[in-house]
Amino acid sequence: MTSKGERDTWADVDWDAESATFDDEPDHGLRDPAVREAWSARLRGWLPRAPSDVLDLGCGTGSLSLLASEQRHRVTGVDLSPRMVDLARAKLAGRDAVFLVGDAAAPPVGEQRFDVVLVRHVLWALPDPERALRHWRGLLRPGGRLVLIEGLWGTVSPVGISADRLTALLTPLMRDVRVERLSDEALLWGREVEDERFAVVAVV
(Lines give C-alpha, C1' and ligand atoms only; values in the text may rest on other atoms or scores of the structure.)
Protein backbone atom coordinates (compact mmCIF):
# COMPACT_ATOMS: atom_id res chain seq x y z
CA MET A 1 0.00 0.00 0.00
CA THR A 2 1.21 3.51 -0.72
CA SER A 3 1.98 5.64 2.31
CA LYS A 4 0.44 9.06 2.84
CA GLY A 5 3.88 10.62 2.48
CA GLU A 6 4.42 9.02 -0.90
CA ARG A 7 1.01 10.25 -2.11
CA ASP A 8 1.75 13.75 -0.81
CA THR A 9 5.03 13.79 -2.73
CA TRP A 10 3.18 12.82 -5.91
CA ALA A 11 0.53 15.46 -5.26
CA ASP A 12 3.24 18.11 -4.88
CA VAL A 13 4.51 17.60 -8.44
CA ASP A 14 4.09 20.70 -10.60
CA TRP A 15 2.26 19.00 -13.47
CA ASP A 16 2.06 22.22 -15.47
CA ALA A 17 5.86 22.29 -15.48
CA GLU A 18 6.07 18.54 -16.16
CA SER A 19 3.77 18.89 -19.17
CA ALA A 20 6.61 20.19 -21.36
CA THR A 21 8.44 16.85 -21.21
CA PHE A 22 5.59 14.52 -20.22
CA ASP A 23 5.28 12.99 -23.69
CA ASP A 24 8.98 12.12 -23.80
CA GLU A 25 8.22 8.93 -21.86
CA PRO A 26 7.44 6.17 -24.38
CA ASP A 27 4.17 5.16 -22.69
CA HIS A 28 3.05 8.80 -22.27
CA GLY A 29 3.59 10.33 -25.70
CA LEU A 30 3.15 7.07 -27.66
CA ARG A 31 5.44 8.51 -30.34
CA ASP A 32 6.97 5.14 -31.22
CA PRO A 33 4.56 3.46 -33.68
CA ALA A 34 5.06 0.05 -32.03
CA VAL A 35 4.30 1.40 -28.54
CA ARG A 36 1.32 3.30 -29.89
CA GLU A 37 -0.10 0.21 -31.59
CA ALA A 38 0.42 -1.86 -28.44
CA TRP A 39 -1.72 0.57 -26.44
CA SER A 40 -4.26 0.85 -29.24
CA ALA A 41 -4.65 -2.93 -29.33
CA ARG A 42 -5.14 -3.05 -25.57
CA LEU A 43 -7.80 -0.34 -25.71
CA ARG A 44 -9.66 -2.25 -28.40
CA GLY A 45 -9.90 -5.14 -25.96
CA TRP A 46 -10.91 -2.98 -22.98
CA LEU A 47 -13.39 -0.57 -24.56
CA PRO A 48 -16.78 -1.44 -26.09
CA ARG A 49 -16.85 -2.21 -29.78
CA ALA A 50 -19.65 0.25 -30.47
CA PRO A 51 -18.97 3.99 -30.22
CA SER A 52 -19.31 4.90 -26.54
CA ASP A 53 -18.88 7.76 -24.08
CA VAL A 54 -15.47 7.48 -22.40
CA LEU A 55 -14.35 9.53 -19.40
CA ASP A 56 -10.54 9.67 -19.28
CA LEU A 57 -9.52 10.78 -15.77
CA GLY A 58 -6.04 12.13 -15.20
CA CYS A 59 -5.84 12.29 -18.98
CA GLY A 60 -2.52 14.12 -19.10
CA THR A 61 -1.75 15.25 -22.64
CA GLY A 62 -4.52 13.09 -24.06
CA SER A 63 -2.60 10.20 -25.62
CA LEU A 64 -5.09 7.51 -24.53
CA SER A 65 -7.96 9.89 -25.30
CA LEU A 66 -6.67 10.16 -28.85
CA LEU A 67 -6.51 6.38 -29.26
CA ALA A 68 -10.07 6.07 -27.94
CA SER A 69 -11.23 8.80 -30.31
CA GLU A 70 -9.58 7.04 -33.23
CA GLN A 71 -11.67 3.99 -32.28
CA ARG A 72 -14.81 6.15 -32.72
CA HIS A 73 -15.50 6.78 -29.05
CA ARG A 74 -16.65 10.14 -27.70
CA VAL A 75 -14.15 11.31 -25.09
CA THR A 76 -14.30 13.59 -22.08
CA GLY A 77 -10.89 14.11 -20.50
CA VAL A 78 -10.20 15.57 -17.05
CA ASP A 79 -6.86 16.63 -15.61
CA LEU A 80 -5.83 18.83 -12.68
CA SER A 81 -3.17 20.60 -14.79
CA PRO A 82 -4.42 23.38 -17.07
CA ARG A 83 -1.31 23.01 -19.21
CA MET A 84 -1.91 19.27 -19.67
CA VAL A 85 -5.48 20.04 -20.67
CA ASP A 86 -4.28 22.62 -23.21
CA LEU A 87 -1.97 20.03 -24.78
CA ALA A 88 -4.76 17.43 -24.86
CA ARG A 89 -7.12 19.88 -26.56
CA ALA A 90 -4.48 20.60 -29.19
CA LYS A 91 -3.76 16.90 -29.70
CA LEU A 92 -7.45 16.13 -30.31
CA ALA A 93 -8.41 19.33 -32.12
CA GLY A 94 -11.35 18.71 -34.45
CA ARG A 95 -12.34 15.43 -32.79
CA ASP A 96 -15.40 14.53 -30.73
CA ALA A 97 -13.62 15.25 -27.47
CA VAL A 98 -13.95 17.68 -24.56
CA PHE A 99 -11.26 18.38 -21.96
CA LEU A 100 -11.88 19.87 -18.52
CA VAL A 101 -9.62 21.07 -15.74
CA GLY A 102 -10.56 19.29 -12.53
CA ASP A 103 -9.89 16.69 -9.87
CA ALA A 104 -9.91 13.10 -11.11
CA ALA A 105 -11.39 11.95 -7.79
CA ALA A 106 -14.43 14.19 -8.29
CA PRO A 107 -14.53 15.17 -11.97
CA PRO A 108 -16.59 18.24 -12.94
CA VAL A 109 -19.04 16.42 -15.22
CA GLY A 110 -22.31 17.20 -13.43
CA GLU A 111 -25.07 14.69 -14.11
CA GLN A 112 -23.42 13.26 -17.23
CA ARG A 113 -22.96 9.49 -17.23
CA PHE A 114 -20.53 7.36 -19.23
CA ASP A 115 -20.09 3.90 -20.69
CA VAL A 116 -16.43 3.76 -19.61
CA VAL A 117 -14.34 5.44 -16.94
CA LEU A 118 -10.70 5.08 -18.04
CA VAL A 119 -7.96 5.87 -15.50
CA ARG A 120 -4.23 5.28 -15.90
CA HIS A 121 -1.70 5.67 -13.07
CA VAL A 122 -3.91 7.93 -10.95
CA LEU A 123 -5.83 5.89 -8.38
CA TRP A 124 -2.78 4.88 -6.31
CA ALA A 125 -1.90 8.54 -5.64
CA LEU A 126 -5.35 9.62 -4.43
CA PRO A 127 -5.82 10.13 -0.68
CA ASP A 128 -8.91 7.87 -0.54
CA PRO A 129 -8.89 5.30 -3.38
CA GLU A 130 -11.97 3.50 -2.08
CA ARG A 131 -14.03 6.68 -2.08
CA ALA A 132 -12.83 7.55 -5.59
CA LEU A 133 -13.86 4.12 -6.88
CA ARG A 134 -17.34 4.50 -5.40
CA HIS A 135 -17.68 7.91 -7.04
CA TRP A 136 -16.47 6.61 -10.40
CA ARG A 137 -18.91 3.73 -10.26
CA GLY A 138 -21.68 6.28 -9.85
CA LEU A 139 -20.61 7.94 -13.09
CA LEU A 140 -21.27 4.77 -15.09
CA ARG A 141 -24.41 3.89 -17.00
CA PRO A 142 -25.93 0.43 -16.44
CA GLY A 143 -23.55 -2.11 -17.96
CA GLY A 144 -20.70 0.40 -17.94
CA ARG A 145 -17.13 -0.44 -17.04
CA LEU A 146 -14.11 0.86 -15.18
CA VAL A 147 -10.77 0.43 -16.96
CA LEU A 148 -8.00 1.01 -14.42
CA ILE A 149 -4.33 0.78 -15.38
CA GLU A 150 -2.15 0.67 -12.28
CA GLY A 151 0.90 -0.95 -10.77
CA LEU A 152 3.56 -1.15 -8.10
CA TRP A 153 6.48 0.76 -9.54
CA GLY A 154 10.03 -0.08 -8.53
CA THR A 155 11.39 -3.27 -7.03
CA VAL A 156 13.32 -2.00 -3.98
CA SER A 157 10.80 0.42 -2.41
CA PRO A 158 7.79 0.08 -4.69
CA VAL A 159 5.03 2.69 -4.74
CA GLY A 160 1.55 2.19 -6.14
CA ILE A 161 -1.30 -0.22 -5.61
CA SER A 162 -1.25 -3.98 -6.10
CA ALA A 163 -3.68 -5.89 -8.27
CA ASP A 164 -4.84 -7.85 -5.21
CA ARG A 165 -5.66 -4.71 -3.24
CA LEU A 166 -7.44 -3.06 -6.17
CA THR A 167 -9.46 -6.20 -6.82
CA ALA A 168 -10.48 -6.32 -3.15
CA LEU A 169 -11.67 -2.71 -3.31
CA LEU A 170 -13.67 -3.31 -6.50
CA THR A 171 -15.31 -6.64 -5.69
CA PRO A 172 -18.04 -5.18 -3.44
CA LEU A 173 -18.82 -2.49 -6.02
CA MET A 174 -18.80 -4.25 -9.38
CA ARG A 175 -20.44 -7.33 -10.88
CA ASP A 176 -17.40 -8.61 -12.78
CA VAL A 177 -13.73 -7.82 -12.11
CA ARG A 178 -10.96 -9.02 -14.45
CA VAL A 179 -7.21 -8.48 -14.07
CA GLU A 180 -4.78 -8.41 -17.02
CA ARG A 181 -1.08 -8.56 -16.19
CA LEU A 182 0.98 -6.10 -18.24
CA SER A 183 4.49 -6.46 -16.81
CA ASP A 184 5.61 -8.77 -19.62
CA GLU A 185 4.34 -6.44 -22.35
CA ALA A 186 7.56 -4.54 -23.03
CA LEU A 187 6.02 -2.76 -26.03
CA LEU A 188 3.55 -0.97 -23.77
CA TRP A 189 6.37 0.63 -21.79
CA GLY A 190 9.00 1.01 -24.48
CA ARG A 191 11.35 -1.23 -22.47
CA GLU A 192 11.48 -4.35 -20.32
CA VAL A 193 10.10 -3.86 -16.80
CA GLU A 194 10.35 -6.00 -13.67
CA ASP A 195 7.74 -4.41 -11.43
CA GLU A 196 4.01 -5.14 -11.19
CA ARG A 197 1.92 -3.51 -13.90
CA PHE A 198 -1.63 -4.46 -14.70
CA ALA A 199 -5.08 -3.40 -15.88
CA VAL A 200 -8.37 -4.13 -14.20
CA VAL A 201 -11.60 -4.12 -16.20
CA ALA A 202 -14.64 -4.07 -13.94
CA VAL A 203 -18.26 -4.11 -15.14
CA VAL A 204 -21.24 -2.71 -13.26
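Along each chain, residues carry numbers from 1 onward, in the same order as the chain's sequence is written. For a predicted model such as this one, the threshold for reporting local features is a pLDDT of at least 70, and the threshold for listing and counting side-chain atom pairs is 80 or more; totals across whole chains, interfaces and linings nevertheless cover every residue. With hydrogens and water set aside, each side-chain value is computed from the structure's full complement of heavy atoms.

What to know about the environment of Leu 152
- For the purposes of this entry, the term helix denotes a DSSP run of H or I that reaches at least four residues, the term strand denotes a run of E that reaches at least two, and both are numbered from the N terminus. Positionally, Leu 152 belongs in strand β5 (residues 140-153).
- Between the alpha carbons of Leu 152 and Arg 197 there is a distance of 6.5 Å; along the sequence they are 45 residues apart.
- Excluding anything up to four places from it in sequence, Leu 152 contacts Pro 158, Val 159, Gly 160, Ile 161, Ser 162, Asp 195 and Glu 196. The contact definition used throughout considers only heavy atoms, calling two residues in contact when any of these lie within 4.5 Å.

Overview of the packing of aromatic side chains
- The criterion for an aromatic pair is that two Phe, Tyr or Trp rings (for Trp, the six-membered ring) have centres within 6.5 Å, with stacked assigned to planes under 30 degrees apart, edge-to-face to planes over 60 apart and tilted to the rest. In the structure shown here, the tally under the stated rule is four aromatic pairs.
- Plain terms: the ring middles of Trp 15 and Phe 22 are 6.3 Å apart, the flat faces sit at 85° to each other, and that makes the pair edge-to-face.
- We call a residue buried when its accessible area falls under 20% of the maximum for its residue type, exposed when it is over 50%, and partly exposed in between, using a 1.4 Å probe and counting protein chains only. Phe 22 sits in the buried class, given a relative accessible area of 17%.
- Ring pairing ties together the aromatic residues Trp 39, Trp 46 and Trp 189, which thus form one cluster.
- Here the guanidinium or amino end of Arg 197 rests over the ring plane of Trp 189, the centre of that ring lying 4.7 Å away. Placement of a charge over a ring requires the Lys NZ or Arg CZ to be within 6 Å of the ring centre, with the centre-to-atom vector within 35 degrees of the ring normal.

Re unusual backbone geometry
- Despite not being glycine, Arg 72 has its phi angle at roughly 75°, a positive value.
- Tracing the backbone shows Arg 72 in the loop between α5 (63-70) and β2 (74-79).
- Arg 72 gets classed as exposed once you look at its relative accessible area, which sits at 55%.
- Positive phi values are uncommon outside glycine, yet His 121 reaches one of about 60°.

Description of helix α4 (residues 33-46)
- End to end, α4 covers 20 Å across 14 residues, agreeing with the expected 20 Å (1.5 Å per residue, within 8%).
- Of the positions making up α4, those classed as buried are Val 35, Ala 38, Trp 39, Ser 40, Arg 42, Leu 43 and Trp 46. One fewer than the residue count of a helix, multiplied by 1.5 Å, yields its expected span.

Brief notes about the packing of helix α7 (residues 129-138) against helix α8 (residues 163-170)
- Where α7 contacts α8, the axes come no closer than 10 Å and their chain directions differ by 50°. As judged from the angle between their axes, α7 and α8 are oblique. Handedness of the α7/α8 crossing: right-handed. Residue-level inspection shows Pro 129, Glu 130 and Leu 133 of α7 in contact with α8, the latter providing Leu 166, Leu 169 and Leu 170.
- Note that Gly is not counted as nonpolar here; it falls among the polar residues with everything else outside the nonpolar set of Ala, Val, Leu, Ile, Met, Phe, Trp, Tyr, Cys and Pro and the charged set of Asp, Glu, Lys and Arg. Of the residues contributing to the contact of α7 with α8, the split by class is five nonpolar, no polar and one charged. Axis definition: a line fitted to C-alpha atoms, limited for helices to the stretch in contact. Angles are taken between N-to-C directions and run from 0 to 180 degrees. Should an angle lie under 35 degrees it is considered roughly parallel, over 145 roughly antiparallel, and from 65 to 115 roughly perpendicular; all remaining angles are considered oblique. Crossing handedness is defined as follows: a turn of the near helix away from the far one that is anticlockwise and smaller than a right angle gives a left-handed crossing, while the clockwise case is right-handed.

A few points about the environment of Ala 125
- Within the fold, Ala 125 resides in the loop between β4 (114-120) and α7.
- Of the residues examined, Ala 125 reaches a relative accessible area of 9% and is grouped as buried.

Overview of the nonpolar core
- Nonpolar cores were defined as sets of buried Ala, Val, Leu, Ile, Met, Phe, Trp, Tyr and Cys residues, with membership established by side-chain atoms within 4.5 Å. One finds Val 117, Leu 133, Trp 136, Leu 146, Leu 166 and Leu 170 to be the most contacted residues of the largest nonpolar core, which totals 32 residues.
- Of all the elements in the fold, those that place two or more residues in this core are β1 (53-57), β4, α7, β5, α8 and β8 (196-203).
- Sequence-distant contacts of Leu 146, defined by excluding residues within four places in its chain, comprise Val 117, Leu 133, Trp 136, Leu 140, Leu 170, Met 174, Val 200, Val 201 and Ala 202.
- Core analysis: the next-biggest nonpolar cluster, separate from the first, contains 22 residues, Val 147, Ile 149, Leu 182 and Val 193 among them.

Quick look at the pattern of salt bridges
- A pair is scored as a salt bridge if a Lys or Arg side-chain nitrogen falls within 4 Å of a carboxyl oxygen belonging to Asp or Glu. Applying the stated criterion to the full structure yields 15 salt bridges.
- Arg 74 is the partner of Asp 53 in a salt bridge, and the nearest nitrogen-oxygen pair spans 2.7 Å. Of this pair, Asp 53 sits in strand β1 while Arg 74 sits in strand β2, and the two are 21 residues apart along the sequence.
- Taking the relative accessible area as the measure of exposure, Asp 53 reaches 11% and is therefore buried.
- Overall, the relative accessible area of 32% leaves Arg 74 in the partly exposed class.
- Residue Glu 180 is joined to Arg 178 by a salt bridge in which the shortest nitrogen-to-oxygen separation is 3.1 Å.
- Connected through shared salt-bridge partners, Arg 42, Arg 178, Glu 180 and Glu 185 make up one network.

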